[in-house]
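This is what each chain is made of:
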Amino acid sequence: MAVVRVQGQAGHVLVFALYMFANYYDYLYIDNFFSAPGSIRSTFGGRWKFMTYQNFMGHTVFFASCVLADFIEGVLGKKAAGLRKIQDYVLASVLFPMSMIVTVVFWGIYAVDRDMIFPPSMDKIIPPWINHVWHTTVVPVLLLEMYLVHHRQPSRRAGLTGAVTVGIIYLIWVLIVAHVGGFWVYPFMAAMNNFQFFLFCCFTAVIGCCFYLLGEFCNKMFWGPRETPRKEKKRVLEVSKTTFLSRAQLR
């Protein structure tokens, strides 16, 4: 168990270092091109209008918090229960479903017509490795995190509520960008009529909920069924009782 814990801590540092380097490369090289007048990042909303960027920054903050929690517990010898609880909820309700949507939607549209999501001209600006960091590795990294570190799954109701809420907020943001900026965040949306856009939003919401359930299933496969607060309390009491009786017998 100690080996798995060390592997998890080392993984946190490595992933956080990779993400920081990707952010550094983005700001140093890629941002110079996109900051030019008329480029997509210089328009209303900047880079924050893209789900890819929001998801990637969410990953960066998440793994930074993991490194911080590991430091608090491993070096300072204190508990980071509150931070761990937030990490558990964010991972299950926000990061995993969003990362799955980013990966599946990006590469799905890319396979059908890449000009609608990532034209060939972008290859000269964004190198393949950073494209994969943004759109591919975000899912395997979270699966590895779920395998190495026991994150407590929230109740299905609370988890789905969080996932749907985040999706609605992003949809509102996309509509604000379209209204204020006068353009759609993603080119393929401009080719849709209102009914098609509505169906696309419904489809994305459904697969987002399915991806949440997939994350729940993976967590169950890695760590067993989720304990309800009542069952957890009962188990703790039984362990305490067994420990007390064992000490009493030794005396």
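All figures in this text were calculated on a predicted structure; none of them were measured in a lab.

Chemist: Where do I start with the layout of surface pockets in this structure?
Modeler: Empty space among the atoms becomes visible once a probe the size of a water molecule is rolled across them. There is about 1,100 Å³ of room inside the largest pocket. Broken down by secondary-structure element, the contributors of at least two residues to the lining of the largest pocket are α1 (2–34), α2 (51–74), α3 (81–113), α4 (128–135), α6 (156–181), α7 (187–190) and α8 (194–223). The residue makeup of the lining of the largest pocket, split by class, is 38 nonpolar, seven polar and three charged.

Chemist: Is there a simple way to explain the packing of aromatic side chains in this structure?
Modeler: Aromatic rings considered in pairs are described by the distance between their centres and by the relative angle of their planes. Following the criterion strictly, the structure yields 17 aromatic pairs and no others. Centroid distance Tyr19 to Phe56: 4.9 Å. Interplanar angle 70°. Geometry classified as edge-to-face. Separated by 37 residues along the polypeptide, Tyr19 in helix α1 and Phe56 in helix α2 bring together distant segments of the chain. Where Trp107 meets Tyr110, the ring centres are 5.0 Å apart and the plane angle is 65°; that geometry is what we call edge-to-face. On the criterion of helical spacing, the pair formed by Trp107 and Tyr110 is a turn pair, its members being three residues apart in helix α3. Ring-pair connections join several aromatic residues into one group, and the members of that group are Tyr19, Phe56, Phe62 and Phe63. It is Arg47 that lies over the ring of Tyr27; its NZ or CZ is 4.2 Å from the centre.

Chemist: For this particular structure, what's the right way to read α3?
Modeler: For an α-helix, 3.6 residues make a turn, and residues three or four places apart therefore share a direction. For α3, with 33 residues, the first-to-last C-alpha span of 46 Å sits near the 48 Å given by 1.5 Å per residue. Of all the bends found along α3, the most pronounced is centred on Leu91 and spans about 45°.

Chemist: Is there a simple way to think about the environment of Ile168 in this case?
Modeler: On the secondary structure map, Ile168 appears in helix α6. A residue is classified by how much of its surface remains accessible, and Ile168, at 46% relative accessible area, is partly exposed. Sequence-wise, Ile168 and Cys201 are 33 residues apart; in three dimensions their C-alpha atoms are separated by 9.5 Å.

Cut-offs and rules
Residues numbered from 1 in each chain as written. Predicted model: local features only at pLDDT ≥ 70, side-chain atom pairs only at ≥ 80, totals over all residues. Heavy atoms only, no water. 1 Å grid on protein atoms, 1.4 Å probe; cavity = no way out; pocket = protein on both sides within 12 Å on 5 of 7 lines; lining within 4 Å. Points joined across faces, edges and corners; volume = space filled by probe spheres on them. Helix = DSSP H or I, 4+ residues; strand = E, 2+ residues; numbered from the N terminus. Nonpolar A, V, L, I, M, F, W, Y, C, P; charged D, E, K, R; others polar. Phe/Tyr/Trp six-rings, centres within 6.5 Å; stacked < 30°, edge-to-face > 60°. Lys NZ or Arg CZ within 6 Å of the ring centre and 35° of its normal. Expected span 1.5 Å × (residues − 1). Bend = angle between axes of the 7 residues up to and from the residue. Buried < 20%, exposed > 50% of the residue type's maximum accessible area, 1.4 Å probe, protein only.

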